[in-house]
Amino acid sequence: MTKNLRVKKSNLIDETYKVSFKFNGITYYGYKGDTLASALLANDIHLVGRSFKYHRPRGIMTAGSEEPNAIVQLHNNTSRTEPNVRATEIEIYEGLEASSQNCWPSVNFDVGGINNFLSPVLPAGFYYKTFMWPASFWEKYEYFIRKSAGLGKSPTEPDPDIYEHKYIHCDVLVIGAGVSGIVAAKTSAKNGYKTLLVDEKPYLGGSTIYQNSEHFKINNQISSSWLEKEINEIKKIENLEIKTRTSVAAYHGYNFLLARENLTDHMPLEQRKNKIRHRLLKIRAKKVITATGSLERPLIFDNNDRPGILLSSAIEKYASLYGVACGEKNVLFTNNDSAYETAISLYQKGINIEAIVDNREEIDSKLIKEIEKNNIKVYKGYTVVDTSGYKRINKVSIMQLSKDGQKVIGSKISISCDCLGISGGWTPAVHLFTQSGGKLKFRDEDQVFIPNIYPSDQISIGSCNGDFTLDEILSTVPKTLKEFLNLKKTDYEDLEIKSSFNKSKRNIWLLPSDKVIGKTKPFVDYQNDATAKDIKLALREGFRSIEHVKRYTTTGMGTDQGKLGNMHALGIIAETAGSKMGELGTTTFRPPYTPLTFGTIVGRNVGEYFDIFRKTPIHAWHIENKAEFENVGQWKRAWYYPKKGENMHDAVQRESKAARDSAGILDASTLGKIDIQGTDASEFLNRVYTNAWSKLAIGKCRYGLMLNEDGMVYDDGVTTRLDENHYIMTTTTGGAATVLGKLEDYLQTEWPELDVYLTSVTDHYATVSVCGPYSKKIVSRVIPDLDFSDENFPHMSFKDAKIGKIKCRVMRISFTGEHSYEINVQANYGKSVWEKCMEAGKEFNITPYGTETMHLLRAEKGFIIVGQDTDATMTPIDLQMDWIVSKKKYDFIGKRSLYRSDTIREDRKQLVGLLTENPNDVLEEGAQIVADMNKSPVEMLGHVTSSYYSPNLKKSIALGVVRNGKNMMGQKLIIPMEDKQINVTVADPVFLDKENKRLNA
Amino acid sequence: MFIINCPYCGEREQSEFKAGGEAHIVRPKQPTELSDDEWAEYLFMRKNIKGIQFERWVHTHGCRKWFNVVRDTSNDKIKAVYKMGEKPPTK
């Protein structure tokens, strides 16, 4: 059944190296060097997929990264499966398995094809219009839409491949290795610039490398031979690095670019083991030369999307580079000379051309003359009005264009064919230029946008700059390079160039038809099935901005980002709205130029390397003792220590009870520690904390609350005065870095006159906290030389001490409400001090507890956790912590904000305690608090911020924020849950030991 | 990604820095003397200019020093960099 459409040997294809691959389950053969598309075409397969909306049969359309239709799924149902791979880019390898997407049950018989016939009821914006109502049905609609939409399947297993990131710094980056890029790279590198040349394809030379025609010559050599010699030369230049299969994805400001280097996608799977698949290059270039070429434009006419319709340049590339004929009965349709280049190539290779249809009437072109000399029929002044053939084109219908190009006249002529090449001229690939912030200008004569204002040290050369013909390129590029690179001369001053290309073009964005537009399907965006009809409808419905029309019709929103059709969309909008192309602007070109895999973006930052994590010096002990861990910022903190058979609840109840009844021990090393020194240290603390600090005696500790300038609580912690001009501040675990940053900010910018120095010492100390009635006994055994009497060492004070020879700082402070001590030692002694405490506390049932128990114990005492019981809307007054706000201090950060009209409102949300009617009901943190369930809508008064079952009080306790809660003491409120309502009473947030007796117990 | 010329360390990647909003907003010396409106002016009101903007930046992952940057927000070109306390360039 399959035909062999190989026509000749080619440099790129190794015909001695046969490769077998599967497409939709059937085995085919191609050669090393083939893309999946060229290999399929050689087997006479055009139909590769179905379109997104109408499920129309679609074929290979291009031969490059702009492909909208031929996107396939690779290695379906394996860990290496990948959707949306362009068949025109993927190189075949032994064992490659590809399948069609967006069709069910098969690409040949697709149930969704019914949409094609329903298209009159599926206009632009159909989904917006239909599925928005009634809103509650969205969930059902979504299921249906997602099922029928699928653009490929994402893998369900972890990615077995390795990816990496690499930084590259160079003097000159050249993007694109066509004739312009090769000339630029050679010129740059030979003049001493460290140069990097990248190209997305596996070979160098762009389209000139297969331009084998007497009509295009450089210094009397055929252009491809001349370029081949140049390529061989540049490969020897030392300060020139060349990377093929490398696609620049993004061009950011300051000449920072991201490129994806593809290292293994062309290899058989078994050869890829332990190799890096993609490398994300982060390139910082002093100068950038963009030589990204241009993309051929399609032509917009009824049924311009059938399999077998390709860009004319793609047909030439398949014939000349891959040695593949796309059809046996070819028709070319053009509005410019490019199709004749293709025709000459095909003719030379003995590929049959039925006819050429040209929009232009009278053209003086050497290329046309040669074609006509060979008795190929050229229909001048004609246009294609329709095509037929469901899964492969079999006929084109053509008619004569009226003088103004607005209508078709005369009678219809049918030409049978199996392949139609279309050429609407060329669009400069300005994507990267505009991504970098460059501004375009519109050139009226050939209707193209070209670079105009450069935002950084860069230049665009060759056809991406609108110089399309060989003579234009080679006369302009050397001059541009000379100026850009500050050179006296280049090697390319006196080239003799022969180019037979006639630049005339008859540009008609939407070609006229003998039918009314409503009865036609002229596709503008192939991948998203947006037609000229849809664009006109959007304009009729009032859309004017190009950005809005794009989103409403989805033009240009596929994985190809509308590389083919966007210009036509603009053209049709301009024509319909009666505005000028240049004034309309373009839609925004956004990175990436072609899609990137997630693997490329994340590189090595996967699994345990996804984020760094910090361990305390006592971490190993927690692991040995089977702790469960909790992430706090980047820290791994011991959460609880389950004994055999215990769940979290059991463990936390046991730990909490032990901490109050005997002794508990906590690793508090993660708390932020900032060393503060300088003659103005006291004054500084006065300004950053809400309470007074100047009278704090040496050797004493004080709890402080820090606000933002807007009056909202920001951080809290205990700060100790070590000496006259020396303090150690502790911050919350998560807040350490931001607090230090904020303090530095004030010191450097607002109060540079203060003599204060801040040093982060969080990692320098380990902190062991021992609490409970036996804590004094335990700690005094560990530090026998220290006098632990209440007179010498009262609550909220500090002592320098020694454990053996190890210096330590001991603070008698408490976050649990129990008598407790914190021992701070140099980090590397942390674990041994912990173990000493464990040993000394053995007979007193010393129990290690984690963060969960810590949270429970402090909640019993009504101590807040910044970030849990507060968000950025709570003032100290809202927290009922008025006692900590100094009335005497003239100023501190946030003071003025505490009596703004908004912060003095009585009905702000305030922190209160909550007790449940049934003491065994434990509230859910985050649950909403209401007073009246009958009011409609039910008014939310606040939410639960902390909630636990207290083993010491034998009841459920909770903290929450409630509007006007301060004045609601004793009042009953309701916590509505999914299946029930829980009744609660507003209570004092201090649930246990209101008199603080336990601190000295 | 910008390249920022830290006045203490020299040219570094933007990722080493953090932006700190509009520059030259001085904290009032006597906040208690201010009306709600005057205080709100200091606290909340910031310019968002298309064009030349004076900004604060800090070299977070470097010397941790704050400094000022003059940036054209329309094209991200940095026109000048100067230390805290120094007068902004007039040209």
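If you're wondering where the values come from, they're calculated on a predicted model, not measured in any experiment.

Draft legend 1. Structural detail: the overall build of chain A. When helices and strands are tallied, chain A shows 23 helices and 50 strands. Based on the C-alpha atoms only, the size of chain A along its principal axes is roughly 115 × 70 × 55 Å. Here chain A, with 1001 residues, has 50% of them falling under the buried criterion. Pairs at least 24 apart in sequence give 67% of the contacts found in chain A among residues at least 6 apart.

Draft legend 2. Looking closely at the nonpolar core. Residue and element names in this part refer to chain A. Within the largest apolar cluster, 162 residues are counted, with the highest numbers of intra-cluster contacts made by Leu40, Leu41, Leu173 and Ala343. Among all residues touching Leu40, those that are not within four sequence positions of it are Phe23, Ile45, Val48, Ile60 and Ala87. By size, the runner-up hydrophobic cluster in this structure holds 99 residues, among which are Ala658, Ile665, Met706 and Tyr714.

Draft legend 3. The arrangement of the interface of chain B and chain A in detail. Contacts between the two partners involve 18 residues from chain B, matched on the other side by 21 residues from chain A. At three residues, helix 1 (residues 36–44) of chain B tops the list of elements feeding residues into the side of chain B that touches chain A. Split into classes, the residues belonging to the side of chain B that touches chain A amount to nine nonpolar, four polar and five charged.

Draft legend 4. The arrangement of the sheet that holds strand 5 (residues 71–74) of chain A in detail. All names here are of chain A. Spatial strand order, 2-1-7-5-6: five strands in an open sheet with mixed pairing. Of all strands in the sheet, those bounded by a partner on one side alone are strand 2 (26–32) and strand 6 (82–86). Within this sheet the neighbouring strands show an average axis-to-axis angle of 40°, counted without direction. With three bridges connecting them, strand 1 (residues 14–23) and strand 7 (residues 96–100) associate as parallel partners. If you follow Phe23 over to strand 7, its bridge partner there is Ala98.

Draft legend 5. Region of the structure containing the environment of Trp66(B). As for its placement among the helices and strands, Trp66(B) is situated in strand 5 (residues 66–72). Apart from residues no more than four positions distant in its own chain, Trp66(B) is found in contact with Asp745(A), Gln748(A), Thr749(A), Gly20(B), Arg56(B), Val58(B) and Met84(B).

Draft legend 6. Inspection of the packing of helix 18 (residues 648–661) of chain A against helix 23 (residues 851–860) of chain A at higher detail. All names here are of chain A. One can describe the packing of helix 18 onto helix 23 by two numbers: an axis separation of 9 Å at closest approach and a directional angle of 55°. For the element pair helix 18 / helix 23, the angle class is oblique. Two packed elements cross with a definite hand, and for helix 18 against helix 23 that hand is right-handed. Contacts between helix 18 and helix 23 involve Val652, Glu655, Ser656 and Ala659 from the former and Glu852, Thr853, Leu856 and Leu857 from the latter. Residue composition of the contact of helix 18 with helix 23, by class: four nonpolar, two polar and two charged.

Draft legend 7. Representation of the sheet that holds strand 29 (residues 497–499) of chain A. Residue and element names in this part refer to chain A. The strand order 11-10-29 describes an open sheet built from three strands, whose pairing is antiparallel. In this open sheet, the two strands that pair with only one neighbour each are strand 11 (221–222) and strand 29. Looking at chain direction, strand 10 (residues 216–218) and strand 29 are connected through three bridges and run antiparallel. Paired with Phe216 across the bridge in strand 29 is Ser499. Across the face of the sheet, helix 11 (residues 470–484) comes into contact with strand 10 and strand 29 while running at roughly 150° to strand 29.

Draft legend 8. Structural context of the domain arrangement of chain A. Residues and elements named next belong to chain A. Segmentation of chain A into domains returns domain 1 (1–157), domain 2 (162–294 + 428–499), domain 3 (298–424), domain 4 (519–606), domain 5 (667–857) and domain 6 (861–1000). Secondary-structure elements contributing two or more residues to the side of domain 1 that touches domain 3 are helix 1 (36–42) and strand 4 (57–59). Tallied by class, the residues present in the side of domain 1 that touches domain 3 amount to eleven nonpolar, five polar and six charged.

Draft legend 9. Region of the structure containing the pairing of strand 14 (residues 256–262) of chain A. All names here are of chain A. Summarising burial for strand 14: seven of the seven residues are buried, a large majority. Side-chain alternation along strand 14 places Phe256, Leu258, Arg260 and Asn262 on one buried face and Leu257, Ala259 and Glu261 on a second face that is also buried. Sheet analysis places strand 13 (residues 246–252) next to strand 14, joined by six bridges and oriented antiparallel. By the bridge assignment for strand 14, Ser247 is matched with Arg260. Linking strand 13 back to strand 14 in an antiparallel pair, the connection comprises three residues, with Tyr254 at a positive phi of about 55°. Strand direction decides the pairing type here: strand 14 and strand 15 (residues 276–290), joined by seven bridges, are antiparallel. Bridge pairing links Ala259 to Leu281 in strand 15.

Calculation notes
- Residue numbers here run from 1 along each chain, matching the order of that chain's written sequence.
- Written order determines the labels here, with chains lettered from A and ligands numbered from 1.
- The predicted origin of the model limits local features to residues at a pLDDT of at least 70 and limits the giving and counting of side-chain atom pairs to 80 or more, whereas totals for whole chains, interfaces and linings rest on all residues.
- Helix numbering and strand numbering both begin at the N terminus, where a helix is a DSSP run of H or I of at least 4 residues and a strand a DSSP run of E of at least 2.
- Field definition: a residue is buried when 20 or more other C-beta atoms are found within 10 Å of its C-beta, exposed when 12 or fewer are, and partly exposed for counts in between, with C-beta atoms placed from the backbone.
- We call two residues in contact whenever the C-beta atoms placed from their backbones are within 7 Å.
- In this usage, the nonpolar core is the set of buried Ala, Val, Leu, Ile, Met, Phe, Trp, Tyr and Cys residues whose C-beta atoms join them within 7 Å.
- Amino acids are sorted into nonpolar (Ala, Val, Leu, Ile, Met, Phe, Trp, Tyr, Cys and Pro), charged (Asp, Glu, Lys and Arg) and polar (every other residue, Gly among them).
- Any two strands with at least two DSSP bridges between them are considered paired.
- A fitted line through C-alpha atoms serves as each axis, taken over the contacting stretch for helices, and the angle formed by two N-to-C directions is quoted from 0 to 180°.
- What sets the label is the angle itself: under 35 degrees gives roughly parallel, over 145 gives roughly antiparallel, 65 to 115 gives roughly perpendicular, and the rest give oblique.
- Crossings are classed by handedness, with left-handed meaning an anticlockwise turn of the near helix from the far one by less than a right angle and right-handed meaning a clockwise turn.
- All the domain ranges listed were derived from an automatic or database domain assignment.

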